[in-house]
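# Coordinates in review
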Amino acid sequence: MRFESAGADAPIGVFDSGVGGLTVARAIRDQLPGESMIYVGDTARTPYGPRPIAEVRRFALEILDDLVHQGVKMLVIACNTASAAVLRDARERYDVPVVEVIGPTVRSAASITRNGRVGLIGTKGTIQSRAYDDLFAMRPDIALTSAACPRFVELVEAGETSGPVVHAAAEEYLAPLVAQGIDTLVLGCTHYPFLRGAIRQVVGPDVALVSSDIETAGEVYEVLTDRGLLRAPGAGEPELRYEATGADTAGFVELARRMLGIGIDSVDRVQTGAIRLPDSA
Ligand code: DGL
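Any two side chains of opposite charge can pair, so long as their charged atoms come close to each other. Scanning the model with the defined rule gives 14 salt bridges in all. Between R231 and D9 there is a salt bridge, with its nearest N and O atoms 2.8 Å apart. Taken together, the residues R231 in the loop between α11 (212–226) and β9 (240–244) and D9 in the segment before β1 (12–16) connect sequence positions 222 residues apart. The class of R231 is buried, set by a relative accessible area of 12%. For E100, the salt bridge is made with R91, and the minimal N-O distance between the two is 3.8 Å. Accessibility expressed as a relative area gives 5% for E100, which makes it buried.

Our focus in this paragraph is the packing of aromatic side chains. The description of two aromatic rings rests on the distance between their centres and on the angle between their planes. For the structure on display, the rule yields six aromatic pairs. Between F15 and Y48, the aromatic rings sit 6.2 Å apart at their centres with planes inclined by 55°, giving tilted as the arrangement. Separated by 33 residues along the polypeptide, F15 in strand β1 and Y48 in the loop between β2 (37–41) and α2 (53–69) bring together distant segments of the chain. Judged by its relative accessible area of 1%, Y48 is buried. Between F152 and Y192 the ring centres are 5.2 Å apart and the planes differ by 85°, which places this aromatic pair in the edge-to-face class. With a gap of 40 residues between them, F152 in helix α8 (residues 150–157) and Y192 in the loop between β7 (184–187) and α10 (196–203) connect regions that are remote in the sequence. Residues F152 and Y192 agree in their burial class; the two are buried. Site record: aromatic cluster; members linked through ring pairs are F15, Y48 and F59. Lying over the aromatic face of F59, R45 brings its terminal NZ or CZ to 3.7 Å of the ring centre.

About the cut-offs
Residues numbered from 1 in each chain as written. Predicted model: local features only at pLDDT ≥ 70, side-chain atom pairs only at ≥ 80, totals over all residues. Heavy atoms only, no water. Salt bridge = Lys/Arg side-chain N within 4 Å of Asp/Glu carboxyl O. Helix = DSSP H or I, 4+ residues; strand = E, 2+ residues; numbered from the N terminus. Buried < 20%, exposed > 50% of the residue type's maximum accessible area, 1.4 Å probe, protein only. Phe/Tyr/Trp six-rings, centres within 6.5 Å; stacked < 30°, edge-to-face > 60°. Lys NZ or Arg CZ within 6 Å of the ring centre and 35° of its normal.

Structure, rendered in structure tokens:
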């Protein structure tokens, strides 16, 4: 199925399983403050990490279809697990450009490492999909060591990003990677920038941390510029809309404020699959 492209004034559609993708949304806002944005968090079905990849794929395409139906000019899959699940077909499915988090993050890590030993942390779904391994395979000089960190997302969603419990989890997940002599660590989950302090403390100052939020925002900037899709400077105030699929929209607002310092006035509750194109089922 293919959809029509939207013009430069249209919003960017950003999607994550929950609040983690707000780290990407914030990085896009930092680099492109004039752009309008619709952010969708699939909070009713978060976390995606432990789910079968086929199920994540179905959820992701449902939400991406809805965003395209709303007329976005670009799709940003601000979730590593969802990116891994739809990496192969999202670009063929839509006429609007699709930016996902894995490609830009791999390119950045590959250019940073000096000793060729790169560590990767992510959800179980991301690690098991081997999507990162496939892309790093283009650089045979790089040895990738991966670890799934299932408790990290739970801790972030609970607003717990420092303290002994977080430190113990970080130590448990990261010590084997440090023992491999990595000089670069990919934070392969959009929730993990919230845990940067604890991660840094465990890996030490000599390991470069590469996180998908900044790298993905850079790719958004580049693609919009290359395609002549940047919103015109005099186009007026950008519109920012936040949508969540779960009932607890107040919890979403509170978490976003606490974690990101983003003042969100309101979050609209949306039903997934509510706006479906006739042939998208
Ligand atoms: N933020 C998602 C990611 O980047 C993970 C959160 C989840 O498990 O839903 O993979």
